[in-house]
Amino acid sequence: MFRYGAWACDGLRQPNGRPDPQEQDATRVFERVDVRIPGHAWLTQFFNRRSQSKDAPIELSAAGPTEGIGAPNAPDDQRLSQYARAFLEGTTDCVFFLDRRWCFTFLNRRALHELEGGFDLVGRNIWDVFPQALGTPFEIHYRRALAENTTQIFEAFFPPLSSWYEVHAVPVGPGLTVFFRNIDERRAAADTLRERERQLAIVFGQTMVGILHRDLNRQVLMVNQRFCEIVGRSRDELNGLPMEAFTHADDIVENKALFEKHLANGEPFQIEKRYVRPDGTVVWCAVNVSFVQDDWGQVVSTILVVEDIGLRKVAEERLLWNARHDLLTQLPNRMLFQERLTEALKCSASTGLKVGLLLLDLDHLKQVNDTLGHDAGDCLLRTAAERLRSSIRPIDTVARNGGDEFAVVMPDIGSEEELEEIVRPLLARLQEPFLYAGHTVSCSASIGVSIWPDHTDQAEELHKQADIALYMAKAGGRGKIMIFEPSMRAETHRRAQMRNNAREAIESSRIEPYYQPKVHLASGKLAGFEALLRWHDPQDGLQPPSAIQAAFDDPRLAVAIGQQIQELVLGDMRRWLDAGVDFGHVAINASAAEFRGHDFADQLLERLRAARIPSRYLELEVTETVFLGQGAEHVESALRMLSAEGIRIALDDFGTGYASLSHLKQFPVDIIKIDRSFVRDLAENPDDTAILQAVLSLGQNLGIATVAEGVETEVQVAFLRAQGCDLGQGYLFGKAAPKDRISELIASWDVFRHRSQTRSSIALL
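What counts as what
- Residues numbered from 1 in each chain as written.
- Predicted model: local features only at pLDDT ≥ 70, side-chain atom pairs only at ≥ 80, totals over all residues.
- Heavy atoms only, no water.
- Core = buried A, V, L, I, M, F, W, Y, C linked by side-chain atoms within 4.5 Å.
- Buried < 20%, exposed > 50% of the residue type's maximum accessible area, 1.4 Å probe, protein only.
- Helix = DSSP H or I, 4+ residues; strand = E, 2+ residues; numbered from the N terminus.
- Pairing = 2+ DSSP bridges.
- Axes fitted to C-alpha atoms, helices over the stretch in contact; angles between N-to-C directions.
- Contact = heavy atoms within 4.5 Å.
- Phe/Tyr/Trp six-rings, centres within 6.5 Å; stacked < 30°, edge-to-face > 60°.
- Lys NZ or Arg CZ within 6 Å of the ring centre and 35° of its normal.
- pLDDT = per-residue confidence, 0-100.
- Expected span 1.5 Å × (residues − 1).
- Arc of directions from axis to C-beta.

## Some thoughts on the nonpolar core
If you look at the biggest cluster of nonpolar residues, it comprises 74 residues, and the most contacted ones within it are Ile 561, Met 573, Val 586, Phe 595, Leu 620, Leu 642 and Leu 720. Broken down by element, the residue count for this core peaks at 7 residues, all from helix α18 (residues 555–578).

## Some points on the sheet that holds strand β3 (residues 94–98)
An order of β4-β3-β7-β6-β5 is seen for the 5 strands of this open sheet, with the pairing classed as antiparallel. In the strand order of this sheet, the two ends are held by β4 (104–107) and β5 (152–158), each with one partner. On average, each strand axis in the sheet is tilted by 25° relative to the strand beside it, whichever way the strands run. Of the strand pairs in this sheet, β3 and strand β7 (residues 175–182) are connected by 5 bridges, and their pairing is antiparallel. Bridge pairing in β7 places Phe 97 opposite Thr 177. The strands that helix α6 (residues 137–148) touches are β3, β5, β6 (163–172) and β7; relative to β5, the one it contacts most, it runs at about 160°. The sheet contacts of helix α7 (residues 184–206) involve β5, β6 and β7, and relative to β6 the element is tilted by about 125°.

## A closer look at the packing of aromatic side chains
We describe a pair of aromatic rings using the distance from one ring centre to the other and the angle between the two ring planes. Tallying each qualifying case throughout the model produces 21 aromatic pairs. Taken together, a centroid distance of 5.1 Å and an interplanar angle of 65° make the contact between Phe 96 and Phe 104 edge-to-face. Of the two residues, Phe 96 and Phe 104, neither departs from the other in class, the shared state being buried. An angle of 65° between the planes, with centres 4.8 Å apart, marks the rings of Phe 138 and Phe 158 as edge-to-face. Highlighted residues: Phe 138 in helix α6 and Phe 158 in strand β5, separated in sequence by 20 residues. Accessibility assignment for this pair places Phe 138 and Phe 158 in one class, buried. A network of ring pairs unites the aromatic residues Phe 96, Trp 102, Phe 104, Trp 127, Phe 130, Phe 138, Tyr 142, Phe 154, Phe 158, Tyr 165 and Phe 180 as a single cluster. Here the basic side chain of Lys 313 rests over the ring of Trp 284, its NZ or CZ set 4.4 Å away from the ring centre. Stacked on the ring of Tyr 731, the Lys or Arg Lys 735 has its end atom at 5.2 Å from the ring centre.

## With respect to the pairing of β7
Counted residue by residue, β7 has 6 buried out of 8 residues, so it is predominantly covered. Looking at chain direction, β6 and β7 are connected through 8 bridges and run antiparallel. Within β7, the residue paired with Ala 169 across the bridge is Val 178.

## Some thoughts on the confidence of the model for the chain
Across the chain, the average pLDDT comes to 83, with 85% of residues at 70 or higher. In the predicted structure, residues 1–74 sits below a pLDDT of 50 and forms 142 contacts with residues beyond four places in sequence or in another chain. Here residues 757–765 is a poorly scored stretch, pLDDT under 50, and it has 7 contacts once near neighbours within four places are set aside; other chains count.

## Observations concerning the sheet that holds strand β9 (residues 220–223)
The 5 strands lie next to each other as β9-β8-β12-β11-β10, forming an open sheet whose pairing is antiparallel. Looking at which strands have only one partner, the edges of the open sheet turn out to be β9 and β10 (269–276). Within the sheet, the average angular offset between the axes of one strand and its neighbour, ignoring direction, is 25°. Pairing of β10 with strand β11 (residues 282–293) involves 8 bridges; the strand directions are antiparallel. In the strand pairing of β11, Phe 269 is matched with Val 289. The strands touched by helix α10 (residues 252–265) are β10, β11 and β12 (299–308); relative to β10, the strand with the most contacts, the crossing angle is about 140°. Strands β10, β11 and β12 of the sheet are contacted by helix α11 (residues 310–323), whose axis makes an angle of about 125° with β11.

## A few points about helix α19 (residues 600–611)
In this model α19 runs 17 Å from its N-terminal to its C-terminal C-alpha over 12 residues, within 8% of the 16 Å that 1.5 Å per residue would give. Phe 600, Ala 601, Leu 604, Leu 605, Arg 607, Leu 608 and Ala 611 are the residues of α19 that are buried. Down the axis of α19, the sector holding all buried residues measures 155°, keeping them to one side. Those residues of α19 that are buried lie in contact with α18, β23 (586–589), β24 (618–622) and α21 (635–644). Arg 612 sits one or two residues past α19 and shows a positive phi near 60°.

This is the structure in structure tokens:
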């Protein structure tokens, strides 16, 4: 049974059956409800019509909560009853009626569900049921609605239910109709949204990137402080300001074209560009541009996210500079040099002028490093670089290609004579000595020159020709300028053929050691042998090492030759020992390239152990180039390891190198081998005689054995013996012989010895 007021009834009728005197108020309720509650506009016309018909009372008749409102005998009333029931029970709002005594007279199902007490609330005073509501906005607004006959709309917290509600209090006659809905979820969502907006505002304001949101009329919709700092302008200054006004002039055209292209399709893009602040400061930025579109896909605004990448750009530019320059001299390196050369050749092709290419080598960098230290060598390189830089024209490029090599590109040359006029003073300036730590340092250099297009029209070939000319300048005594000539190419081909021959000889095992005797000058007895390299040419037969001399400038070939010689010599020594042949010792030579690895000494000792040869049978000969070349830092430790194992160390070609005395002091040298150039002319050249005497005296005083190379006459033997030279080696005692003849040579040596002594005695008479 539906309850209205204090009565249980079939409709809006009193218990005595008479119509409720407030039936017209019900009509006004629905009329006013329709006006106040959105979503029920379909009731407006009907309720307004019904409210104007005073003789058509509205009846609420129901048998229970699911029964509706209606007058069974009137079709219009029946329809109104159905509409009213549908409205009251179908609305998403909670609805209840209060009479003038503040008592509940009606609650719809949502209100019954929301308010505790259900049907028991009908007829009860709201302030008695909910005393906690007294003094709250609910009481204030309800009383104001009745007192002022105005609808009150408010939101408030209802303490009895511990919830928030949105309330519409509508006065109807002497009573009050209340529509309300629980808004806890909405408020929670609003609180969450506000918190997110607060956090977004914090992030937006404090982020390290600048953000600008503008419409297509350039009006600022949103901008953070960081963007204003980056471009040096306030929000007001950015309003309506075209982007070109604070974009670097060199970027405007490209940026504008890119922007318009992506604006047409709404696709975002990224770009690196330069902004210009009002004070002229340029700021490099990474910019992400995106577009906001409406529901129809039309772009309505743009969003720029800007990051200041100035520091990154500086770092990138520094890295790029480092990648294209030599850090020691600050000159362009090989990479940038090649770019400048290519550019110069292209330009000259259109002007018809020539391009000169200079390759320069400092003549004594290794010696300076060895005697004065690498700091002095670095100073030499920097001095040479500065002198070159100050001696060239503004249009020229000087570069350091690495090591002691420099290169100069000289465009716009009219003739070879003009080029020589420019280069001569350059070399003269370069060769002036300078002081370093109290020492006078030579800055001598050799220069090779090639000219485009006189010598070639290819950049790579131009470089090769300058390199050939440089080689000829150094071979001719250093400190010279050599301009390429076609005849020089033959020397290059000859050296290339040397390397090819050596490579084939290694691969085909056509390398063979020959053994030259070494003799005790005092007794004439055989002391041992030196293993000398020979190789077999398929066409020309047996060849000396000079025929493949260029191979020793190639580290890989030099090491391969040395290893093959070692294996062959140790194999011969093992066979002689097994046969009981007393060969004394065998000396082998080691090149500078072999010492560049860390394991030269270890490998040699391992080969000796594998061949079961005592170390006393082996001598190692090295030249002073071993001490001066690349990898020289490993030489001392290797020689000391070999010396400790009993291998004697001989310094070959003594007197022809650089700083020999310091090497005698620094390295474990047991033997000095006097170069043949001092022995050959000792009878005619008093200087050679004096040098020989000084070297032999030095060896005696230091306790170092001496060996004279190139001994070919009895006169030389007599002089060397008289001066105390220990050993002799040369054609007088025998040429180098293959392994198969060594046993016979040793067996017949006594005869040779007596004959040699006889000749020596005759020469002295």
